[in-house]
There are 2 protein chains.
Amino acid sequence: MECLSWANPIPRTPLLRPSRTHQLPPKRHRFLVFRPSRCQKMYVPGFAEASPEAKAAKNLQDFFTFVAVKIVLAQLESYNPEAYKELMEFISRNSLNDGDKFCRTLMRESPRHQGLALRILEVRSAYSKRDFEWDNLQKLAFKMVDDSNTRLMRDYVLETSHLENEK
Amino acid sequence: MECLSWANPIPRTPLLRPSRTHQLPPKRHRFLVFRPSRCQKMYVPGFAEASPEAKAAKNLQDFFTFVAVKIVLAQLESYNPEAYKELMEFISRNSLNDGDKFCRTLMRESPRHQGLALRILEVRSAYSKRDFEWDNLQKLAFKMVDDSNTRLMRDYVLETSHLENEK
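Fair warning: this is a prediction, and the values are worked out from it, not measured in the lab. (Residues numbered from 1 in each chain as written. Chains lettered and ligands numbered in written order. Predicted model: local features only at pLDDT ≥ 70, side-chain atom pairs only at ≥ 80, totals over all residues. Heavy atoms only, no water.)

Novice: Would you explain the interface of chain A and chain B in this entry?
Specialist: By a frequent convention, interface size equals the accessible area lost on bringing the separate parts together. Each side of the interface is counted separately: chain A has 70 residues, and chain B has 69 residues. When chain A packs against chain B, the two sides together hide about 6500 Å² of surface, and 68% of this comes from carbon and sulfur. Here B:E133 makes a salt bridge to A:K41, at a shortest N to O gap of 2.6 Å. Those elements giving two or more residues to the side of chain A that touches chain B turn out to be helix 2 (52-79), helix 4 (99-107), helix 5 (111-131) and helix 6 (134-166) of chain A. Tallying contributions element by element places helix 6 of chain A first for the side of chain A that touches chain B, with 20 residues. Of the residues that constitute the side of chain A that touches chain B, the class distribution is 38 nonpolar, twelve polar and 20 charged. (Contact = heavy atoms within 4.5 Å. Buried area = accessible area lost by both parts, 1.4 Å probe. Salt bridge = Lys/Arg side-chain N within 4 Å of Asp/Glu carboxyl O. Helix = DSSP H or I, 4+ residues; strand = E, 2+ residues; numbered from the N terminus. Nonpolar A, V, L, I, M, F, W, Y, C, P; charged D, E, K, R; others polar.)

Novice: It is not clear to me how the layout of surface pockets should be interpreted in this structure. Could you clarify?
Specialist: One simple way to see leftover space: roll a probe sized like a water molecule over the atoms. In this structure, the second largest pocket spans a volume of roughly 530 Å³. Considering the residues around the second largest pocket, the lining is formed by 18 residues, among which A:N59, B:N59, B:L60, B:D62 and B:F63 are closest to the centre. Of all elements in the fold, only helix 2 of chain A together with helix 2 (52-79) of chain B reach the threshold of two or more residues within the lining of the second largest pocket. Within the lining of the second largest pocket, the residues separate by chemical class into ten nonpolar, four polar and four charged. (1 Å grid on protein atoms, 1.4 Å probe; cavity = no way out; pocket = protein on both sides within 12 Å on 5 of 7 lines; lining within 4 Å. Points joined across faces, edges and corners; volume = space filled by probe spheres on them.)

Novice: Got a minute to help me understand the side chain of B:E86 in this structure?
Specialist: All names here are of chain B. Mapped onto the secondary structure, E86 falls in helix 3 (residues 81-93). For E86, a relative accessible area of 17% translates into the label buried. When residues no more than four places from it in sequence are discounted, the contact partners of E86 are R112 and H113. (Buried < 20%, exposed > 50% of the residue type's maximum accessible area, 1.4 Å probe, protein only.)

Novice: Whenever I open this one, the environment of B:S110 confuses me. Can you help?
Specialist: Mapped onto the elements of the fold, B:S110 is located in the loop between helix 4 (99-107) and helix 5 (111-131). Among the polar contacts made by the side chain of B:S110, one reaches the side chain of B:H113 at a distance of 2.7 Å. (Polar contact = N/O pair within 3.5 Å; in protein donor to acceptor, adjacent residues only side chain to side chain.)

Novice: Which parts of the structure should I look at to understand the pattern of salt bridges?
Specialist: Two side chains of opposite charge can pair, provided their charged atoms sit close to one another. What the rule picks out here adds up to 23 salt bridges over all chains. Here A:D147 makes a salt bridge to A:K143, at a shortest N to O gap of 2.7 Å. A residue pair is termed a helical-turn pair when its members lie 3 or 4 positions apart in one helix, as A:D147 and A:K143 do in helix 6 at four residues. In this structure, B:D100 engages A:R151 in a salt bridge whose closest nitrogen and oxygen atoms are separated by 3.5 Å.

Novice: Looking at this model, I keep getting lost on the relation of the copies chain A and chain B. Mind explaining?
Specialist: The second copy of the chain is related to the first by a rotation about an axis and a shift along the axis. The operation relating chain A to chain B is a screw motion whose rotation component is 180°, with 0.0 Å of axial translation and a residual RMSD of 0.1 Å. Overall, the copies show the geometry of a two-fold rotation axis. Both copies present the same face, since 99% of the interface residues in chain A are matched by interface residues at the equivalent positions in chain B. (Least-squares fit on C-alpha atoms with pLDDT ≥ 70 in both.)

Novice: Explain the nonpolar core here, please?
Specialist: Soluble globular proteins tend to bury their nonpolar side chains together. A:F64, A:W134, A:L137, B:F64 and B:L137 are the most contacted members of the largest nonpolar core, which has 73 residues in total. Setting aside chain neighbours within four positions, we find A:F64 in contact with A:R124, A:Y127, A:S128, A:F132, A:W134, B:A141 and B:V145. (Core = buried A, V, L, I, M, F, W, Y, C linked by side-chain atoms within 4.5 Å.)

Novice: Would you explain the packing of aromatic side chains in this entry?
Specialist: Two descriptors summarise a pair of aromatic rings, namely the distance from one centre to the other and the angle between the planes of the rings. Summed over all chains, the structure comprises 18 aromatic pairs over all chains. Ring geometry for B:F132 versus B:W134: centroids 5.0 Å apart, planes at 80°, classification edge-to-face. For the pair formed by B:F132 and B:W134, the shared burial category is buried. Every member of this aromatic cluster is reached through a ring pair, and the members are A:F63, A:F64, A:F66, A:Y127, A:F132, A:W134 and B:F142. (Phe/Tyr/Trp six-rings, centres within 6.5 Å; stacked < 30°, edge-to-face > 60°.)

Novice: What am I meant to see in helix 3 of chain B here?
Specialist: Helical geometry: 3.6 residues make up each α-helical turn, so side chains three or four residues apart lie on a common side. Taking 1.5 Å of rise per residue, the 13 residues of helix 3 of chain B would be expected to cover 18 Å, and the 19 Å separating its terminal C-alpha atoms lies within 8% of that figure. Elements that come into contact with the buried residues of helix 3 of chain B comprise helix 2, helix 4 and helix 5 of chain B. (Expected span 1.5 Å × (residues − 1).)

Novice: Teacher, can you tell me more about the environment of B:K143 here?
Specialist: All names here are of chain B. You can call K143 partly exposed: its relative accessible area is 49%. With 13 residues separating them in the primary sequence, K143 and R130 have C-alpha atoms 23 Å apart. One polar contact links K143 to D147, side chain to side chain, over a distance of 2.7 Å.

Novice: Mind showing me how you'd approach the packing of helix 2 of chain B against helix 3 of chain B here?
Specialist: Any two packed helices are characterised by the angle at which their axes cross and by the distance between the axes. Residue and element names in this part refer to chain B. Interaxial distance between helix 2 and helix 3 falls to 7 Å at its minimum, and their mutual angle equals 145°. Note on element contacts: helix 3 touches helix 2 through P81, A83, Y84, L87, M88 and I91, opposite V69, V72, L73, L76, E77 and Y79. Of the residues contributing to the contact of helix 2 with helix 3, the split by class is eleven nonpolar, no polar and one charged. (Axes fitted to C-alpha atoms, helices over the stretch in contact; angles between N-to-C directions.)

This is how it looks when you write it as structure tokens:
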């Protein structure tokens, strides 16, 4: 099976086309059969320059920085307790909410901190490309949305039926 | 090429094995050559019950709720200004950071608000499954991490070379 991903967005199998010997549908139906509408997406306002995907990617980038810091801390804890302490102390003073700002400040703290910052940059790139399970993210997000929707509606129904019984 | 993903974690091609006619390497090297380590992922601490993917999926779920509210508002604005005003007023009093909490409160506000809440639940599910471009998210996240890493390092180099020139 061929992977459909950003690196390989176009499948090598050609688009489905009627063969010469294929029976064509009546003329008035041809448009419907062979040219589905190209855009049926819902309009999302308020993302003037960036798309919702870009906004979500920026959040993920900050998340990858957070994960990279955790990975580097776990590695340092066992074989370089001094660097571990230094990084922990730096984290206590600087928020990790904005990943890039955190790395920028860390680079300028001291030459030793600069080495740590470079390592965090390297780890967040490697983690996002190699370790993070993108397929799993999508699967979990679908499941979470469905489960939450069901739970919210069930809770409401249970609550109101309870109130009605009391009446 | 076969996809390595959550749905298909084990490739169907057998692990590399020497054929009968193949010249075996010296005995002390055999382990290294024919048994590659199965897990080469970096250890990520601090996600006790949930995986990093689950944590990221939860964030995306809240993001989808935010997007669904924006979509519903844009739809209401043109053909139901009264409901639009009501929803805007509700948003000004309730944070959208926790999507589920927002929907739970909205459902209990009034019967009209309940209808809006149900619509938001429906839209966030449809948006995540149909409209959101998952491949694009991955592509953008890779690009953002790479671009940010380059920018952070370039800025630092420019800054320090400037300081050295001044000396």
